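The residues making up each chain are set out below.
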Amino acid sequence: MGLSSHLTLDTRRSGDAAVVSVGGDIDLTTFDAVESALDAARGQCTVLVLDLRAVGFMDTSGLRLVISRQQRAETDGYRFVVVPGAGRIRRLFEIAGFAAGDSLFAGVPTELASGDGA
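Not measured: the values here are computed from a predicted model.

A.B. asks: Go over the overall build of the protein chain, please, and point to the residues and values.
C.D. replies: Within the protein chain, the regular secondary structure consists of three helices and four strands. Compactness check: the protein chain gives a C-alpha radius of gyration of 13 Å against a globular reference of 13 Å for 118 residues, within 12% of the reference. Considered along the principal axes of its C-alpha atoms, the protein chain spans approximately 30 × 30 × 25 Å. With 118 residues in all, the protein chain has 46% of them scored as buried. Taking as baseline every contact in the protein chain between residues at least 6 positions apart, the subset at least 24 positions apart corresponds to 71%. Carbon and sulfur atoms provide 51% of the accessible area of the protein chain, an area that totals close to 6000 Å². Measuring between centres, the 11 positive side-chain charges of the protein chain sit 2 Å from its 15 negative side-chain charges.

A.B. asks: Describe the nonpolar core, with residues and values.
C.D. replies: In terms of nonpolar packing, the biggest core is built from 30 residues, with Leu50, Leu52, Phe80 and Phe93 touching the most fellow members. When residues of this core are traced back to their parent elements, those giving at least two are β2 (17–26), α1 (31–42), β3 (47–58), α2 (60–76), β4 (79–83) and α3 (88–95). Broken down by element, the residue count for this core peaks at six residues, all from α1. Leave out the neighbours within four places in its chain, and phenylalanine 80 touches Leu38, Leu48, Leu50, Val66, Arg69, Gln70, Ala73 and Leu104. Core analysis: the next-biggest nonpolar cluster, separate from the first, contains eight residues, Ala17, Val47, Val49 and Val83 among them.

A.B. asks: Which residues make up the pattern of salt bridges, and what are the values?
C.D. replies: All told, the structure shown has five salt bridges when counted by the stated rule. The partner of arginine 91 in a salt bridge is glutamate 94, with the nearest N and O atoms 3.4 Å apart. With a gap of three residues between them, arginine 91 and glutamate 94 both fall in helix α3, about one helical turn apart. What you see here is one network of salt bridges that share partners, running through Asp39, Arg69 and Arg72.

A.B. asks: Which residues make up the sheet that holds β4, and what values go with them?
C.D. replies: Taking strand neighbours across the sheet as the criterion, the four strands line up as β1-β2-β3-β4 in an open arrangement whose pairing is mixed. Looking along the sheet, the strands with just one partner apiece sit at the ends: β1 (7–14) and β4. Neighbouring strand axes in the sheet, compared pairwise and without regard to direction, differ in orientation by 20° on average. One ladder, built from nine bridges, connects β2 with β3; its direction is parallel. Note that in β3 the partner of glycine 24 across the bridge is valine 55.

A.B. asks: Just give me the short version of the confidence of the model for the protein chain, but keep the residues and values in it.
C.D. replies: For the protein chain, mean pLDDT is 88; residues scoring 70 or higher make up 91% of the total. Per-residue pLDDT, averaged within each element of the protein chain, yields its smallest value for α3 (92) and its largest for α1 (96).

A.B. asks: Kindly report on the packing of α1 against α2, identifying the contributing residues and their values.
C.D. replies: Close contact between α1 and α2 brings their axes to 10 Å; oriented N to C, the two are set at 25°. Here α1 lies roughly parallel to α2, going by the angle between them. Viewed along their axes, α1 and α2 form a crossing whose handedness is right-handed. In this structure, α1 contributes Phe31, Val34, Glu35, Leu38, Asp39 and Arg42 to the contact, and α2 contributes Ser61, Arg64, Leu65, Arg69, Arg72 and Asp76. Split by residue class, the contact of α1 with α2 holds four nonpolar, one polar and seven charged.

What counts, and where the lines are drawn
Residues numbered from 1 in each chain as written. Predicted model: local features only at pLDDT ≥ 70, side-chain atom pairs only at ≥ 80, totals over all residues. Heavy atoms only, no water. Helix = DSSP H or I, 4+ residues; strand = E, 2+ residues; numbered from the N terminus. Rg over C-alpha atoms; globule rule 2.2 N^0.38 Å. Buried < 20%, exposed > 50% of the residue type's maximum accessible area, 1.4 Å probe, protein only. Contact = heavy atoms within 4.5 Å. Areas by Shrake-Rupley, 256 points an atom, 1.4 Å probe, with all protein chains shown as cover. Lys, Arg positive; Asp, Glu negative; His and termini not counted. Charge placed at Lys NZ, Arg CZ, Asp CG, Glu CD. Core = buried A, V, L, I, M, F, W, Y, C linked by side-chain atoms within 4.5 Å. Salt bridge = Lys/Arg side-chain N within 4 Å of Asp/Glu carboxyl O. Pairing = 2+ DSSP bridges. Axes fitted to C-alpha atoms, helices over the stretch in contact; angles between N-to-C directions. pLDDT = per-residue confidence, 0-100. Parallel < 35°, antiparallel > 145°, perpendicular 65-115°, else oblique. Left-handed = near helix turned anticlockwise from the far one by under 90°. Nonpolar A, V, L, I, M, F, W, Y, C, P; charged D, E, K, R; others polar.

Now the structure itself:
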């Protein structure tokens with residue numbers, strides 16, 4: 001798949017949720033890899049979680065990924081939630097108009113709910 005040296009992906013189950021944890025950068029060069037990991041994790045879970053706590057950089061490609069996945073979840077009948085972490089990534093969501101209380105950030109498995117660094 002030719003992953004960037006600035007990207008790590010880890011998928012695990014937490015109850016009825018599939019959690020895809022990303023480390024490194026989400027940009028145009030890593031977009032497809034992250035999207036593929038989300039597709040593979042979807043399976044039969046009722047909640048798909050994108051954990052961004054270990055992401056150091058995310059550009060508008062990452063925002064596009066989140067928005068399209070949120071729309072797909074609404075269409076396909078599952079919940080998609082994001083753990084944005086802190087710092088730059090949280091700020092990117094704020095600039096894009098996602099408020100801290102947005103439903104995109106609600107319903108995260110308890111062990112991830114703090115949103116602090118990985």
